[in-house]
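# Summary of the model geometry
Residues per chain, in single letters:
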Amino acid sequence: MSTLEATGVGSHPGEDHFEALRMVFGELPSLPYLPELPARGVGADLVGRTAGLLVDLAVEVQPSGWRLADRPGRDHQRAVDHLRRDIDGLEEVGHDYTGPLKLQVCGPWTLAGTIELKYGDKMLSDAGAVRDLIASLAQGVEDHVAEVRRRVPGITEIVLQLDEPGLPGVLAGTVPTASGFGRLAPVEGWRVAESLRLFGDLVVHCCAPSVPLRLLRTAGVRGISLDASLLSRRDDDALGEALEAGLLLFLGVVPGTDARLADAAVVARPALDLWRRLGFPPEKLAGQVVLTPACGLAGASPGYARAALAACRKAAQVLRDDPASGLQPG
C-alpha cells in the first residue's frame, strides 16, 4: 500500500457537494474522501446521514432529535437522498481517479447514545436494541462500500472510518438519559471491541478527550484518528503500543475552524515531537502517520477548509522527505 500522507476528517462547510469533492480530490491526492455537508439540513448531519444506511431500521426527527420510527418517512428519505446525490457527485468528479478512498460513517456507539427508541430512552439503554443497531449498521456499511466501489471502479481500496466522538462517554457511563436527569450505565470494553470487529479493517476517529487507545488496539482496528492537541505524555505508552503493533495514526494537526495556519514545518511538529519521544526510527514515520485537521471542517469558512487541507498535505511532505531533521533532540 502506498503512503497515505494526508486526508480530512469528513465534514465541510457549505452546501455544494461538487465543490467540496473537487476540493478534496485537488488538495488530497493520496487519500481523498467523500465529504459530508451538514449545512444542508436534516439528514445531512453525522447521525442522520449514517442512519440512512441502516438496514430494516427507520428513523425520524423529533424535537429531542433522531428517533426510531415504524417505517421510513420524509426525514429518513432526506438522508438517503443526500447520500445518493453525494455518490452521484463522487462518480462524476472521481470518474478517472485511481487510488484509495476514505468513507466516513457514524460509529454504532455514538449512534446508540444519540438515537432514541420509539417510546423511551436512547438505544444505548437497551442491549437488544444496540445489538440490532450494530448488525443493521454493519450490513448497511457493507452495502455502501460495495456501491461506491461499483460507481468508481478505479478505487484500489476503501479506508473505512467510524466516527465515535461519543465512545469515551459510553465507556465511562456519562451519556445522559433522554430526560437528562440520569446517566446510562457504562458499556464493557469487550462489548465495544467485539462490535468493532464486525466492520473489518477500519479507522476509528474520536476527537474527544480520553480516546480508548488500548481498547481500539485490542479490537484490531487498522488505525486511530485523534486530535493531537488533546494528547499528553500520559498517552505515550498506549500510543507506542499501538504504533508498535503496526496501527496507522491519523493525527489532527491543524484547527477545524478558522485560524492562522503556520508553515509546513510547524504544522508537522506534533508528529515529529511524538515520534521522537517514542523513539521510533524516522524512516517509519511517513508510513504510519497520516496528517489531518483536528476534527471536521463544517464550522470553517470555505477558504479556510481548503487551506487546512493544503497545510496537512504540505506538512506530510515534511514527514516523507526529511523526517530525520525534525527528530533531533532540541
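Details of the structure are given in the entry above.
So, here is what we can say about the structure in this document.

So, how was this worked out
- Residues numbered from 1 in each chain as written.
- Predicted model: local features only at pLDDT ≥ 70, side-chain atom pairs only at ≥ 80, totals over all residues.
- Heavy atoms only, no water.
- Helix = DSSP H or I, 4+ residues; strand = E, 2+ residues; numbered from the N terminus.
- Rg over C-alpha atoms; globule rule 2.2 N^0.38 Å.
- Buried < 20%, exposed > 50% of the residue type's maximum accessible area, 1.4 Å probe, protein only.
- Contact = heavy atoms within 4.5 Å.
- Areas by Shrake-Rupley, 256 points an atom, 1.4 Å probe, with all protein chains shown as cover.
- Lys, Arg positive; Asp, Glu negative; His and termini not counted.
- Charge placed at Lys NZ, Arg CZ, Asp CG, Glu CD.
- Expected span 1.5 Å × (residues − 1).
- Polar contact = N/O pair within 3.5 Å; in protein donor to acceptor, adjacent residues only side chain to side chain.
- Phe/Tyr/Trp six-rings, centres within 6.5 Å; stacked < 30°, edge-to-face > 60°.
- Pairing = 2+ DSSP bridges.
- Right-handed = clockwise from strand over helix to strand, strands pointing away.
- Axes fitted to C-alpha atoms, helices over the stretch in contact; angles between N-to-C directions.
- Parallel < 35°, antiparallel > 145°, perpendicular 65-115°, else oblique.
- Left-handed = near helix turned anticlockwise from the far one by under 90°.

Quick look at the overall build of the chain now. When helices and strands are counted, the chain shows 13 helices and eight strands. A globule of 330 residues ought to have a C-alpha radius of gyration of about 20 Å, and the chain, at 19 Å, matches this closely. Counting only C-alpha atoms, the chain reaches 60 × 45 × 35 Å along its principal axes. The buried share among the 330 residues of the chain stands at 55%. Partitioning the intrachain contacts of the chain with sequence separation of at least 6 by distance along the chain shows that 71% fall at a separation of at least 24. Accessible area of the chain: about 14,000 Å², with a carbon and sulfur share of 50%. Each charge class in the chain can be summarised by its mean position, and for the 33 positive and 42 negative side chains these summaries are 2 Å apart.

Turning next to helix H5 (residues 127–151). The terminal C-alpha atoms of H5 lie 36 Å apart, and with 25 residues this matches the ideal 36 Å at 1.5 Å per residue to within 8%. The residue sitting at the N-terminus of H5 and contributing the capping side-chain oxygen is Asp 126; that oxygen lies 2.9 Å from the backbone nitrogen of Gly 128.

Another point: the packing of aromatic side chains. Taken as a whole and assessed by the stated rule, the structure comprises two aromatic pairs. On the numbers, 5.2 Å between centres and 85° between planes, the contact of Phe 25 with Tyr 97 is edge-to-face. Highlighted residues: Phe 25 in helix H1 (residues 17–27) and Tyr 97 in the loop between helix H3 (74–93) and strand E3 (99–106), separated in sequence by 72 residues. With a relative accessible area of 16%, Phe 25 lands in the buried category. Between Trp 275 and Phe 280 the ring centres are 5.1 Å apart and the planes differ by 50°, which places this aromatic pair in the tilted class.

Let us now look at the pairing of strand E5 (residues 202–205). Here E5 shows a buried face lined by Leu 202 and Val 204 and a second buried face lined by Val 203 and His 205. Where strand E4 (residues 155–163) lies against E5, four bridges are found, and the strand directions are parallel. The residue of E5 that forms the bridge with Leu 162 is Val 204. Taken together, the three bridges between E5 and strand E6 (residues 223–227) define a ladder with parallel strand orientation. Note that in E6 the partner of Val 204 across the bridge is Ile 224. Once you follow E5 into helix H8 (residues 213–218) and on to E6, the crossover reads as right-handed.

Here we come to unusual backbone geometry. Even without being a glycine, Glu 5 presents a positive backbone phi close to 70°. Mapped onto the fold, Glu 5 is located in the segment before H1. By relative accessible area, Glu 5 is classed as buried at 14%. Residues other than glycine seldom take positive phi values, yet Ser 210 does so here, at roughly 65°. Note that Ser 210 resides in the loop between E5 and H8.

Bringing the environment of Thr 114 into the picture now. Structurally, the position occupied by Thr 114 is in the loop between helix H4 (108–112) and H5. A relative accessible area of 33% places Thr 114 in the partly exposed class. The contacts of Thr 114, once residues within four sequence positions are left out, are Val 47 and Trp 66. A distance of 2.7 Å separates a polar side-chain atom of Thr 114 from the backbone oxygen of Thr 110.

Once that is clear, we can look at the packing of H1 against H3. H3 packs onto H1 with a crossing angle of 45° between their chain directions and a minimal axis gap of 10 Å. Taken together, the axis directions place H1 and H3 in an arrangement best described as oblique. At the point where H1 passes H3, the crossing takes the right-handed sense. In contact with His 17, Phe 18, Leu 21, Arg 22 and Phe 25 of H1, H3 contributes Arg 85, Asp 86, Gly 89, Leu 90, Glu 92 and Val 93.

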